[in-house]
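# Summary of structural features
One-letter residues, chain by chain:
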Amino acid sequence: MILVLGGAGYIGSHAVKMLIERGESVIVVDNLETGHAAAVHPNAKFYNVDIRNEEELDEVFMENRIESVIHFSANSLVGESVSEPIKYFDNNVFGAINLLKIMRKYEVKKIVFSSTAAVYGEPKQVPILETSETVPTSPYGASKLMMEQIFKWADLAHGIKFVSLRYFNVAGADASGEIGEAHGVETHLIPLVLQVPLGQREFITVFGTDYPTKDGTCIRDYVHVTDLIEAHIKALEYLRLDHNSEIFNLGSGDGFSVMEIIEVARKVTGHPIPVKLSERRPGDPSVLIASSEKAHKLLNWTPQKNSVETIIGDAWKWHNAHPNGYKSNKGAE
């Protein structure tokens, strides 16, 4: 059985769906702080448990024969992490320590870990390589880097093998339109842009138009959520073949500016999407693009949905059908 931590969240719910479709038995652990009960797959065994609760997490391992873990359970808002650093180290780092203690106890030796490009901070080179300097500029990025270091030492001491996947901007939704992105506080560009045609905001604010890019707005690397999950499954297969622990970047390798995203969203939705220009936000790098060559070579992973039209189209299909996220699903969350 595969234990998916955070399996009621945006990315975790997509992982659970794909794993079950491929014949895997899946257990979901989620405290529903940011996840949604309605996003939990009906064929997954669900535990409403916080991974920091050692006794309850121990029961999950005791009751099930867990072979491997995929870990999505973390607080992940960069801005919030700056104002609430203790919350982030408590949930992300202490949660990981608690998990590893129990994995060691029950001799579970494989974990795929959802990391982040935020571990790099302000990149000195683009595209970013796995060997690029890691100098996080937020407690969120620092907590994820700390988790990677803890996994490394746990591997050396206890043989718990891990794959850490550092990814950039995840977007889109499952093609079925059944599950998608729904956050209490939305901070991601594509769903924010789509709130305009949904009538939930009058315009989209563009922060900074004087960056050294083709149109003066920031450039980011977007990866479709189903491509991202494919990489997690390939990482799990990699560990099942008894490979050593590894770290991989995941991205499309292409960059799209904020204005390009807005223009594609206009075409997809048929809405003019008014724009309000504003000053730069502190700490926003001009260009963030990943090199995924290592993942391509060692995991045989290549994004299949790297067209930004497909990414935004699938996101729009979900948001248009569920304008209030999971609250529109029979009142459930």
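Each remark here, short or long, concerns the structure printed above.
These figures come from a predicted structure and were not determined experimentally. (Residues numbered from 1 in each chain as written. Predicted model: local features only at pLDDT ≥ 70, side-chain atom pairs only at ≥ 80, totals over all residues. Heavy atoms only, no water.)

## Considering the environment of Thr 213
You can see Thr 213 is positioned in the loop between β8 (204-207) and β9 (219-220). On the basis of relative accessible area, Thr 213 is assigned to the buried category, the value being 16%. Considering only alpha carbons, one finds Thr 213 and Val 287, 74 residues apart in sequence, at a separation of 7.9 Å. Those residues in contact with Thr 213 that lie beyond four places of it in its chain are Ile 219, Ser 286 and Val 287. One polar contact links the side chain of Thr 213 to the main-chain amide nitrogen of Gly 216, over a distance of 3.1 Å. (Helix = DSSP H or I, 4+ residues; strand = E, 2+ residues; numbered from the N terminus. Buried < 20%, exposed > 50% of the residue type's maximum accessible area, 1.4 Å probe, protein only. Contact = heavy atoms within 4.5 Å. Polar contact = N/O pair within 3.5 Å; in protein donor to acceptor, adjacent residues only side chain to side chain.)

## Remarks on the pairing of strand β6 (residues 161-167)
Where burial is concerned, most of β6 is hidden: 6 out of the 7 residues are buried. Pairing of strand β5 (residues 110-116) with β6, which is carried by 7 bridges, proceeds in the parallel orientation. The partner of Lys 110 across the bridge, within β6, is Lys 161. Note that the unit made of β5, helix α5 (residues 139-158) and β6 has a crossover that is right-handed. The sheet contact formed by β6 and strand β11 (residues 246-250) spans 5 bridges and is parallel. In the strand pairing of β11, Leu 165 is matched with Phe 248. (Pairing = 2+ DSSP bridges. Right-handed = clockwise from strand over helix to strand, strands pointing away.)

## Re the packing of aromatic side chains
All told, the structure shown has 6 aromatic pairs when counted by the stated rule. Ring pairing ties together the aromatic residues Phe 113, Phe 151 and Phe 162, which thus form one cluster. It is Arg 280 that lies over the ring of Tyr 211; its NZ or CZ is 3.9 Å from the centre. The ring centre of Phe 248 lies 5.4 Å from the NZ or CZ of Lys 294, which sits over that ring. (Phe/Tyr/Trp six-rings, centres within 6.5 Å; stacked < 30°, edge-to-face > 60°. Lys NZ or Arg CZ within 6 Å of the ring centre and 35° of its normal.)

## Things to note about the pattern of salt bridges
For the structure on display, the rule yields 19 salt bridges. Across the pair Arg 280 and Asp 210 runs a salt bridge whose closest N-O atoms are separated by 2.9 Å. Taken together, the residues Arg 280 in the loop between β13 (275-278) and β14 (287-288) and Asp 210 in the loop between β8 and β9 connect sequence positions 70 residues apart. Its relative accessible area of 52% is what places Asp 210 among the exposed residues. Of the charged contacts in the structure, one is a salt bridge between Glu 263 and Arg 266, with a shortest N-O distance of 3.0 Å. Pair noted here: Glu 263 and Arg 266 are both in helix α8 (residues 258-269), with a separation of 3 residues, about one helical turn. Given the relative accessible area of 35%, Glu 263 is considered partly exposed. One continuous salt-bridge network, built from bridges that share partners, spans Lys 17, Glu 21 and Asp 174. (Salt bridge = Lys/Arg side-chain N within 4 Å of Asp/Glu carboxyl O.)

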